Amino acid sequence: MDVSLDKLLARRISAPFLTLAVAVFLATAGNIKFWTTFTAAAGGLTPGRLPLLGGAMLIIVLFFNACLTLASFRFVAKPVFILLLVTASTASYFIAAYGIVIDRAMVQNVFETDMREAGELVSWNMLLTVGLLGLLPASWIARARIAYPQGRRGLVQRAGIAGGSLLLALLLLVLLFKSLAPAVREHRELRFLLTPTNTIQAMNGYLRGKWATPVVVAPLGRDAMKGKAWAGQTRRTVTVIVVGETARAMNFSLNGYRRQTNPLLARQPGLINFSNVRSCGTATAVSVPCVFSAFGREEYSASKAASQEGLLDVLDHAGFKVLWRDNNSGCKGVCARVAFEDLSRPDGPNGFCAGEECYDEGLLGGLPELIRRSEHDLVIVLHQKGSHGPAYAKRYPHDFGRFNPVCDSNDFDKCTAASIANAYDNTILYTDYFLSKTIDTLRAAAEQDGVDTAMLYFSDHGESLGENNLYLHGAPYMFAPDEQTRVPMMLWMSDHFSERFGIDRNCLMARRSEALSHDNVFHSVLGLLDVNTAVLNPKLDLFHACTRGM
Ligand SMILES: [Zn+2]
């Protein structure tokens, strides 16, 4: 055995072959915990699941192979491969032994632990795992004689292998998307289990966080003041901004959908539906900070938005009292300096929960009293859970299950396209009810309490339901299909509200199919409420051209 191994080592081994071998080794032996978790997430180890599991493994091998090929140069390949093997085997051991995941906090623990504490973690098992899975293959690589492809041909060959591997991985990803997307979306911990990418990501995050200068939030619109429409008024105003979740425009019958998904909104007098609106991003974490920031989609970045105040701050400067009510996963930083209520937990004050799930209707709890009791002009943001997938059927109470049969599994492979769409359409039907009830609440407040009320609704992004074999959302914006970027938007105003601000409904009605986007929201809310500030760009204010001069 030793003799043949020595013989093998004596021979030159081609770099592409070695690279592929390391990729296969890392993807399989270095990721046992990842694969057991993935298999469970994908519905267990059954013959029917083998193509999915095999395909997923091939995607990761190909991805690793592409990355490693970029390092397969003389003097670079050996140290990189050795470092990766040792890192991956160590990470694997801790993941398996302690059930931990490798994230930024874990890297921080490792770096900031003293040596005595670290010593307690070293065990025979650890030495065995790191020895077998890390040091042993590493020592072979250290001794191997590697034949690297030379010159320009070598460069072309590497580019071909890396590009080909990525392309093939992408193709497999597209083919397996229906099964992969829900498993990965529902089991985010998988991201932190895949070694060595988890360790690299976590180190990167840790070091960036350590060296980053603390974020200083620059003020915005400190000059904001209520304009002429407020002079001599005694009636208070309440403006509700509903931030939808994963609602796509095309499934609203108000936008021409073949099914009646808006039976209640269709009967709401005075509702203005904007039918041609684009989102800023294809994920909540992009769209929500973007839409409330002064930045347009083209210039938006997470760090820019985080280091400057946004719409809610400007409204606060102008004297409004702002409240964010959340039935989602928080406000992504945009409500950091205003009041916040969490209505997403069953042990909280929502009041419309079933098991672990809290419905959006709970966002309206106590709203009439809140409006009546307040002495301020209010801006209330309601952040829906809306149509968040993949478990669409969990998003609405039983009574709203009008379209049947529904997919009630997170596993899209167990569901037909029609049953997925049925469950999704029921979420839109429930949103129809929720928005209509919001309007009813605001209309009643206008009539009974003499406040001027309005509601602006828009969704954060859309959703793919199997078109082009895509599911869920989050596609890179450049390639994202209309399903993910076309969002519903609508406005309702009490009669007093539109009169007071001189808003010409007919003018707005004439503009309802104009191309609009999240970029318009920041400026339009300020325009709607007649807030004077230098940060308001009238060109992006939807109401600018539809407001009668006062
Ligand atoms: Zn979202």
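Small disclaimer: the values here were computed from a predicted structure and weren't measured.

Undergrad: Mind showing me how you'd approach the overall build of the protein here?
TA: A count of helical and extended segments in the protein gives 20 helices and 16 strands. Its C-alpha atoms give the protein principal-axis dimensions of roughly 95 × 50 × 50 Å. Taking all 550 residues of the protein together, the buried fraction comes to 50%. Summarising the internal contacts of the protein: among those between residues at least 6 apart in sequence, 76% fall at separations of at least 24. Entry remark: accessible area of the protein is about 25,700 Å², with carbon and sulfur atoms responsible for 61%.

Undergrad: Honestly, the side chain of Arg325 in this entry has me stumped. Any pointers?
TA: Secondary-structure assignment places Arg325 in strand E6 (residues 321-326). There is a polar contact of 2.9 Å between the side chain of Arg325 and the backbone oxygen of Gly365. Aside from chain neighbours lying at most four places away, what touches Arg325 is Glu341, Leu343, Leu363, Leu364, Gly365, Leu367, Leu370, Ile380, Val381, Leu382 and His383.

Undergrad: So what exactly am I meant to see when it comes to helix H2 (residues 15-28) here?
TA: In an α-helix there are 3.6 residues to a turn, and that puts residues three or four apart on one side. For H2, built from 14 residues, the straight-helix expectation of 20 Å at 1.5 Å per residue is met to within 8% by its first-to-last C-alpha distance of 20 Å. Regarding H2, the residues found buried are Ala15, Leu18, Thr19, Val22, Ala23, Leu26 and Ala27. The arc enclosing the buried residues of H2, seen along the axis, measures out at 165°, which places them on a common side.

Undergrad: Help me out: how do you make sense of the packing of helix H5 (residues 77-98) against helix H8 (residues 124-143) in this one?
TA: Packed helix pairs are specified by the crossing angle of their axes together with the interaxial distance, meaning the distance between the axes. The interhelical angle for the contact between H5 and H8, taken along N-to-C directions, is 170°, at an axis separation of 9 Å. With respect to their mutual orientation, H5 and H8 come out roughly antiparallel. Crossing of H5 against H8: the hand is right-handed. Along the contact surface, H5 presents Lys78, Phe81, Ile82, Leu85, Val86, Ser89, Thr90, Tyr93 and Phe94, while H8 presents Asn125, Met126, Thr129, Val130, Leu133, Gly134, Leu135, Pro137, Ala138, Ile141, Ala142 and Arg143. A class-by-class count of the residues in the contact of H5 with H8 yields 14 nonpolar, five polar and two charged.

Undergrad: Explain the pattern of salt bridges here, please?
TA: Two side chains that carry opposite charge are able to pair once their charged atoms sit near each other. The tally for this structure, following the rule as stated, stands at 20 salt bridges. One salt bridge connects Lys385 with Glu357, and the closest N-O pair in it is separated by 3.6 Å. Of this pair, Lys385 sits in the loop between strand E10 (378-383) and helix H16 (417-449) while Glu357 sits in strand E9 (residues 357-358); the two residues are 28 residues apart in sequence, bridging distant segments of the chain. Its relative accessible area of 9% is what places Glu357 among the buried residues. For Arg486, the salt bridge is made with Asp482, and the minimal N-O distance between the two is 3.9 Å.

Undergrad: I would appreciate a short explanation of the coordination of the zinc ion in the present structure.
TA: Six octahedral donors at a metal ideally form angles of 90 or 180 degrees, and four tetrahedral donors ideally form angles of 109.5 degrees. Around the zinc ion, the protein contributes the donor atoms Glu245 (OE), Thr284 (OG1), Asp460 (OD) and His461 (NE2), which lie 1.9 to 2.0 Å from the metal centre. Each donor residue of the zinc ion lies on one chain, and together they are spaced E-x38-T-x175-D-H. Classification of Asp460 as buried rests on a relative accessible area of 1%.

Undergrad: It is not clear to me how the domain arrangement of the protein should be interpreted in this structure. Could you clarify?
TA: Often the size quoted for an interface is simply the accessible area lost on bringing the parts together. If you check the domain split of the protein, you get domain 1 (2-211) and domain 2 (227-546). Put simply, the middle of domain 1 and the middle of domain 2, counted by C-alpha atoms, are 42 Å apart. Counting from both sides, the interface comprises eleven residues of domain 1 and, opposite them, 13 residues of domain 2. Interface area lost by domain 1 to domain 2 is led by Phe177, Lys178 and Arg185, which between them contribute 52%. At the boundary of domain 1 and domain 2, one finds three residue pairs in polar contact (both at pLDDT 80 or more).

Undergrad: Explain the state of the cysteines to me, please; I cannot follow it from the model alone.
TA: What is meant by a disulfide is a covalent connection between two cysteines, made through their sulfur atoms. On inspection of all chains with the given rule, the structure shows five disulfides. What pairs with Cys353 in a disulfide is Cys358, and their sulfur atoms sit 2.1 Å apart. Across the disulfide from Cys353 to Cys358, rotation about the S-S bond amounts to roughly 95°, and the bridge is consequently right-handed. Taking relative accessible area as the criterion, Cys353 reaches 29% and is therefore assigned partly exposed. For Cys358, a relative accessible area of 3% corresponds to the buried category. Between the sulfur atoms of Cys407 and its disulfide partner Cys415 the distance amounts to 2.1 Å. Taking the sign of the S-S torsion, about 70° here, the bridge from Cys407 to Cys415 comes out right-handed. A relative accessible area of 4% means that Cys407 is categorised as buried. What connects to what in the protein, once the bonded cysteines are numbered by sequence position, is 1-2, 3-4, 5-6, 7-8, 9-10.

Undergrad: In this structure, what is going on with the nonpolar core? I would like to understand it.
TA: In globular proteins that are soluble, nonpolar side chains generally tend to be buried together. One finds Phe292, Leu312 and Leu315 to be the most contacted residues of the largest nonpolar core, which totals 50 residues. Per-element tally for this core: the top contributor is helix H20 (residues 519-528), with five residues. In contact with Phe292, not counting residues within four places along its chain, are Ile241, Val243, Gly310, Leu311, Leu312, Trp324, Val334, Val381 and Phe522. With 46 residues, the next largest nonpolar core counts Leu62, Ala77, Ala91 and Ile100 among its residues.

Undergrad: Would you explain the environment of Val535 in this entry?
TA: If you trace the backbone, Val535 turns up in the segment after strand E16 (531-532). When its relative accessible area of 24% is taken as the criterion, Val535 is described as partly exposed. Expressed as a C-alpha distance, the spacing of Val535 and Leu220, which sit 315 residues apart in the sequence, is 7.6 Å. Those residues within four positions of Val535 in sequence are excluded, and the remaining contacts are Leu220, Gly221, Phe522 and His523.

Undergrad: Hey, could you run me through the packing of H2 against H5 in this one?
TA: It is the contact of H2 with H5, at a shortest axis distance of 11 Å, that shows an interaxial angle of 10°. By the criterion of interaxial angle, the relationship of H2 to H5 is roughly parallel. Along the contact surface, H2 presents Leu18, Thr19, Val22, Phe25 and Leu26, while H5 presents Phe81, Leu84, Leu85 and Ala88. Partitioned by chemical class, the residues of the contact of H2 with H5 number eight nonpolar, one polar and no charged.

What counts and how
Residues numbered from 1 in each chain as written. Predicted model: local features only at pLDDT ≥ 70, side-chain atom pairs only at ≥ 80, totals over all residues. Heavy atoms only, no water. Helix = DSSP H or I, 4+ residues; strand = E, 2+ residues; numbered from the N terminus. Buried < 20%, exposed > 50% of the residue type's maximum accessible area, 1.4 Å probe, protein only. Contact = heavy atoms within 4.5 Å. Areas by Shrake-Rupley, 256 points an atom, 1.4 Å probe, with all protein chains shown as cover. Polar contact = N/O pair within 3.5 Å; in protein donor to acceptor, adjacent residues only side chain to side chain. Expected span 1.5 Å × (residues − 1). Arc of directions from axis to C-beta. Axes fitted to C-alpha atoms, helices over the stretch in contact; angles between N-to-C directions. Parallel < 35°, antiparallel > 145°, perpendicular 65-115°, else oblique. Left-handed = near helix turned anticlockwise from the far one by under 90°. Nonpolar A, V, L, I, M, F, W, Y, C, P; charged D, E, K, R; others polar. Salt bridge = Lys/Arg side-chain N within 4 Å of Asp/Glu carboxyl O. Donors = N, O, S within 2.8 Å, 3.2 Å for Na, K, Ca; no water. Domains from an automatic or database assignment. Buried area = accessible area lost by both parts, 1.4 Å probe. Disulfide = S-S within 2.5 Å. Core = buried A, V, L, I, M, F, W, Y, C linked by side-chain atoms within 4.5 Å.

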